[in-house]
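Results of the structural survey
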Amino acid sequence: MKTKFAQGLLWIVFFLAFAPLSSAQDLGPHFKKIKDGIYVYAGVLNEANSTIILTQEGVVLIDAGQNPKATHVVAAAIKKLTSQPVRFIIHTEPHPDHIRGDFVYSPPAIVIAHDGATTSIKQSDSFSPARIEKQMSESAEMRAAFKGYRLVTPHVEYRDKMALNVGERTLELYYLKNVHSEADTAIWLPKERVLFTAASVGVKRFGNHRPLVSIPDTLSGIKMMKALNPEVVIPGHGDPGAAKILEDMEKYYNLLMEGVGAMVKAGKSLDDIKKELKIPGTEDWTGKDRYPNNIDAAYRGVTGK
Ligand SMILES: [Zn+2]
């Protein structure tokens, strides 16, 4: 009996040592397993997410991570999961906190983004040598993570929508107009029912609404994404969740538009609105310094100027 027990133990040890990694815990902190073969590195406060999608024909990556240090953390996790390379990187947006680490995988990885992404990158000061040096000087680890750095711009720019078939998976890319940057992309995996929303929605967080952002267009984008009926929603920043992430943001934008609309009708100035308008349910949100530019965006939506 004792030998049988020992044999059993040996088998358990064998399985623990050689069974493929299935738990995100094995990958380190901040990794979450979303579905079989889909792992997101998420929830480092305010940092951009990066998602690993394994396929029979290599890895698809959604965004490269907050900075090259984060990119290397994700690259190490990929090595634990598969011996296959990253074949495609999809940018949800062209800002540095999503794309700076592309050079770690590309070449050979092919980078895909919406039309306008390359122009946005080339016109942005965020990719200047001075900004790179500033980020590298944050720490010795960060400087080391920049080894081999070069700016990678998208190899493929699609318009409106495209499908990417890799191995057994299909990824549908949809342009999100005027939600955050010049080139925002939602990504939908219809079989897995997983949706990537880019920065069109946040989780208890005010978005940074640049002058190009339109709240009516963002509401249209949210409506389109809700109609896909996703099971898992992965925002550009913040923890993944369910469709409630979309519903909460839709509610916030509707209240914001209604509130600003009513105050404009009552003859209030933009400054008064910024001082007086409070949106219930947002008391514990982060990024409060961005709330005034959310009001600017709603004011543009209401008044057309
Ligand atoms: Zn951004």
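Up top is the structure.
Check the secondary structure of the protein chain and you find ten helices and twelve strands. On C-alpha atoms alone, the protein chain measures out to a radius of gyration of 21 Å, which is about the 19 Å that the 2.2 N^0.38 rule sets for 305 residues. Projected onto the principal axes, the alpha-carbon positions of the protein chain cover approximately 85 × 50 × 35 Å. Look at the contacts in the protein chain between residues 6 or more apart in sequence, and 65% of them connect residues 24 or more apart. Treating the 38 positive side-chain charges of the protein chain as one cloud and the 34 negative ones as another, the clouds have centres 3 Å apart.

Let us look at helix α2 (residues 68–81). Taking 1.5 Å of rise per residue, 14 residues should cover 20 Å, and α2 covers 20 Å from first to last C-alpha, within 8% of that figure. Those residues of α2 not exposed but buried are Pro-68, Ala-70, Thr-71, Val-74, Ala-75, Ala-77, Ile-78 and Leu-81. Projected down its long axis, α2 carries its buried residues within an arc of 165°, all on one side. The inward-facing, buried residues of α2 abut β1 (31–35), β2 (38–41), β3 (50–55), β4 (58–62), β5 (86–90) and α6 (140–145).

Neither face of β2 is left uncovered, since the one carrying Ile-38 and Val-40 and the one carrying Tyr-39 and Tyr-41 both have all their residues buried. Bridging between β1 and β2 involves four bridges; their strand directions are antiparallel. Within β2, the position partnered with Lys-32 by the bridge is Val-40. Remark: two residues form the turn of the hairpin made by β1 and β2, two consecutive strands paired antiparallel; Gly-37 in that turn has positive phi of roughly 80°.

In this section: the environment of Leu-195. Here Leu-195 lies in strand β11 (residues 194–198). Leu-195 gets classed as buried once you look at its relative accessible area, which sits at 0%. Among all residues touching Leu-195, those that are not within four sequence positions of it are Ile-187, Trp-188, Met-225, Leu-228, Pro-230, Val-232, Val-233, Ile-234 and Leu-246.

Within the first shell, the zinc ion binds the protein through Glu-93 (OE), His-95 (ND1) and His-180 (NE2), at distances of 2.1 to 2.2 Å. Counting the intervening residues between successive donors of the zinc ion yields the motif E-x1-H-x84-H. Placement of the pair is Glu-93 in the loop between β5 and α3 (96–99) and His-180 in the loop between β9 (169–176) and β10 (184–189), with a sequence separation of 87 residues. The exposure classification of Glu-93 matches that of His-180, with both residues buried.

Our focus in this paragraph is the environment of Phe-146. Assignment of secondary structure puts Phe-146 in the loop between α6 and β7 (156–158). For Phe-146, a relative accessible area of 3% puts it in the buried group. Residues within four places of Phe-146 in sequence aside, it is in contact with Pro-68, Arg-100, Phe-103, Ile-132, Gln-135 and Met-136.

Turning our attention to helix α7 (residues 215–227). Each α-helix winds once per 3.6 residues, and so residues spaced three or four apart point in a common direction. Taking 1.5 Å per residue as the helical rise, α7 with its 13 residues ought to reach 18 Å, and the 18 Å between its terminal C-alpha atoms agrees with that figure. Taken residue by residue, α7 has Ile-215, Thr-218, Leu-219, Gly-221, Ile-222 and Met-225 as its buried positions. Seen from one end, α7 has its buried residues packed into an arc of 160°, which puts them on one side. In α7, the exposed positions that point more than 90 degrees away from the buried face belong to Lys-223 and Ala-227. Along its buried surface, α7 packs onto β9, β10, β11, α8 (244–265) and α10 (291–303). The opening residue of α7, the one whose side-chain oxygen lies 3.0 Å from the backbone nitrogen of Asp-217, is Ser-214. Positive backbone phi, approximately 60°, marks Asn-229, located one or two places after α7.

Reading the values: rules and limits
Residues numbered from 1 in each chain as written. Predicted model: local features only at pLDDT ≥ 70, side-chain atom pairs only at ≥ 80, totals over all residues. Heavy atoms only, no water. Helix = DSSP H or I, 4+ residues; strand = E, 2+ residues; numbered from the N terminus. Rg over C-alpha atoms; globule rule 2.2 N^0.38 Å. Contact = heavy atoms within 4.5 Å. Lys, Arg positive; Asp, Glu negative; His and termini not counted. Charge placed at Lys NZ, Arg CZ, Asp CG, Glu CD. Expected span 1.5 Å × (residues − 1). Buried < 20%, exposed > 50% of the residue type's maximum accessible area, 1.4 Å probe, protein only. Arc of directions from axis to C-beta. Pairing = 2+ DSSP bridges. Donors = N, O, S within 2.8 Å, 3.2 Å for Na, K, Ca; no water. Polar contact = N/O pair within 3.5 Å; in protein donor to acceptor, adjacent residues only side chain to side chain.

Spatial relationships are all this shows, so hold off on functional conclusions.
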